[in-house]
Amino acid sequence: MKHYSLLISQRARSAYFNDYLDVARAELQWLIGDEAILHRPIGAMDFFDIKAGEDLLSVLTSLSFVQGVFERQDGRLTPLDKRPAFNLHEDFVFGAKFRGKTNETLTQLLINIGLMCIDYRSIADVKLLDPMCGRATTLFWAMRYGIKSKGIEQDPRALADVRQMIKKWCKVHRQKHQLTEGFVGAKAKKKEIGKFLEFSAENTSMRLINGDTSDACQLLNDEKFQLIISDLPYGIQHHTTHKTRNPLAILKAAASEWSHSLKPGGAMVLAFNRYLPKREDLIDVFTTQGLQLLDFSAPHRMSESIVRDVVVLKKTNDK
Ligand SMILES: C[S@@+](CC[C@H](N)C(=O)[O-])C[C@H]1O[C@@H](n2cnc3c(N)ncnc32)[C@H](O)[C@@H]1O
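Presented here is a report on the structure given in the accompanying data block. Just so we're clear, the structure is a prediction, and the values are computed from it rather than from any experiment.

1. Considerations on the overall build of the protein chain
Then comes step 1: Assigned secondary structure in the protein chain consists of 10 helices and 15 strands.
Then comes step 2: Taking 2.2 N^0.38 as the reference for a compact globule, 319 residues should give roughly 20 Å; the C-alpha atoms of the protein chain span a radius of gyration of 19 Å, in line with that estimate.
Then comes step 3: On the principal axes, the C-alpha backbone points of the protein chain span a range of 70 × 45 × 40 Å.
Then comes step 4: In the protein chain, buried positions account for 54% of the 319 residues.
Then comes step 5: About 15,200 Å² of surface is accessible on the protein chain, with carbon and sulfur atoms providing 46% of the total.

2. As for the pairing of strand 10 (residues 204-210)
Then comes step 1: Most of strand 10 sits inside the fold, with 7 of its 7 residues counted as buried.
Then comes step 2: Of the two faces of strand 10, the one holding T204, M206, L208 and N210 and the one holding S205, R207 and I209 are both buried throughout.
Then comes step 3: Sheet analysis places strand 7 (residues 148-153) next to strand 10, joined by 5 bridges and oriented parallel. Pairing of E153 across the sheet is with N210, part of strand 10.

3. Let's talk about helix 9 (residues 248-261)
Then comes step 1: Given a rise of 1.5 Å per residue, 14 residues ought to cover 20 Å, and the 19 Å separating the end C-alpha atoms of helix 9 matches this to within 8%.
Then comes step 2: Considering bend angle alone, the principal kink of helix 9 is centred on A254 and spans about 50 degrees.
Then comes step 3: Taken together, the buried positions of helix 9 are occupied by L248, I250, L251, A254, A255, E257, W258, S259 and S261.

4. Let's talk about unusual backbone geometry
Excluding glycine, most residues fall at negative phi; most peptide bonds, likewise, are trans.
Then comes step 1: The omega angle of the peptide bond from L276 to P277 is 5 degrees, so this bond is cis rather than trans.
Then comes step 2: Residue position: P277 is located in the loop between strand 12 (262-273) and helix 10 (279-287).
Then comes step 3: At L88, a residue that is not glycine, the phi angle is positive and equals roughly 60 degrees.
Then comes step 4: Checked against the element boundaries, L88 lands in the loop between strand 5 (76-79) and helix 4 (91-94).
Then comes step 5: Residue classification places L88 among the buried positions, given a relative accessible area of 11%.
Then comes step 6: With a phi angle near 75 degrees, A136 is a residue other than glycine that sits in the positive phi range.

5. Describing helix 7 (residues 157-172)
Then comes step 1: The end-to-end C-alpha separation of helix 7 is 23 Å, in line with the 22 Å expected for 16 residues at 1.5 Å each.
Then comes step 2: For helix 7, the set of buried residues is A158, L159, V162, M165, I166, W169 and C170. For helix 7, the angular spread of buried residues about the axis comes to 130 degrees, placing them on one side. In this structure, helix 7 carries R157, Q164 and K171 as exposed residues pointing more than 90 degrees from its buried face.
Then comes step 3: Just downstream of helix 7 lies R174, where phi reads positive at about 45 degrees.

Rules and cut-offs
Residues numbered from 1 in each chain as written. Predicted model: local features only at pLDDT ≥ 70, side-chain atom pairs only at ≥ 80, totals over all residues. Heavy atoms only, no water. Helix = DSSP H or I, 4+ residues; strand = E, 2+ residues; numbered from the N terminus. Rg over C-alpha atoms; globule rule 2.2 N^0.38 Å. Buried < 20%, exposed > 50% of the residue type's maximum accessible area, 1.4 Å probe, protein only. Areas by Shrake-Rupley, 256 points an atom, 1.4 Å probe, with all protein chains shown as cover. Pairing = 2+ DSSP bridges. Expected span 1.5 Å × (residues − 1). Bend = angle between axes of the 7 residues up to and from the residue. Arc of directions from axis to C-beta.

Next up, the structure:
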C-alpha cells in the first residue's frame, strides 16, 4: 500500500457545487471500501489523502473529480505522470454545449460507479445502454472508455444534432471513423421512430436510436446490457413524452423493459432530481421489478428546485 493525495478538480466543483467534497468522497469510497479518506486543504487546493495499492492507480486517475494523483512520502507530494487511457478527444464529450445537457463530470461519475458494480474481464466486453440519452453525453463518454453503447431518445432532432457534433469533432481532430444510419426493424411509417445513427471509431461504437423508451426491448432487438446509465428528466426543463412534469409515469411504463434489458449481474445507475420523483418512489419502480438497491447516494443541490442525486440498482446473477 502507498500513500496518495488526489487533487480535486475545478470541474468537480462546478459539477457538484457546494457539495463537491461529499460527492467526490462518495465516488472514492465506492472504490476503496472502508479505507479512510482524509480531506487535506492546501491553500486554495483540496486533496483527499488515501492509502491504496499501485494497481488502483489507473482507476484513481479516471475518477470524475480527480485532476491529478500525487504520491505522499515524509510529508512531500510528488505528482505522478499518470493519466486515464481514454479514446477520442475530450471535445467529443465536453466540446458541445446545449440546453438540457447532463453535466459531463456527473456523467463520468455515473459510468465509474456502474463499472465498479459489475464483473468484466475486458472493458471492450462491457455494453452500456442509456435509455433516455438526449444528445448522447453518456454514449460519447462510453466510447472514450472503450465501452460499446446504445441510447434511446424521444426527440427526433437529437439524431441530426449528434451527427453534426460527430462530424465537427472528427474533422477538427482528424478522427478516423464510420457513420452509418438506418432503421431498427422495418422502417416505421410514423415520424422517424426506429431511426438510428451509429458512430464507430477506435474499435468501439455508439448507436443513438430515435423512439420511446417504453418500447426499449423492441428498439434494441432484445439486446442485453451490463450497464444502464441515465440522467432522468428533471421535471423542470425536460418534459417526458407524456407531457407531464413528473417522470415517474414514463419510468413506470418503461421499468420492465429496462430491467429486461439488463444482464444478470448488471447494474443500473440513475441520476435524478430528488424533488421529482422522490428517491423512495424511484427505488420502488425498480425494486418491484426484482432489482436490488445498492447503498450509494450522492445528493448535491444544483438550484432551489433541483437536488440531484444518484440511485444504484443491481440485477442479481440468478435473475
Ligand atoms: C436529462 S435529459 C438527458 C440528457 C442527456 N444525458 C444529454 O446530456 O444529452 C433526459 C432526456 O430524456 C428524454 N426523454 C423523456 N421521455 C422520454 C421517453 N419516453 N423516451 C425516450 N426519451 C425520453 C428527454 O427528451 C431528454 O432528452
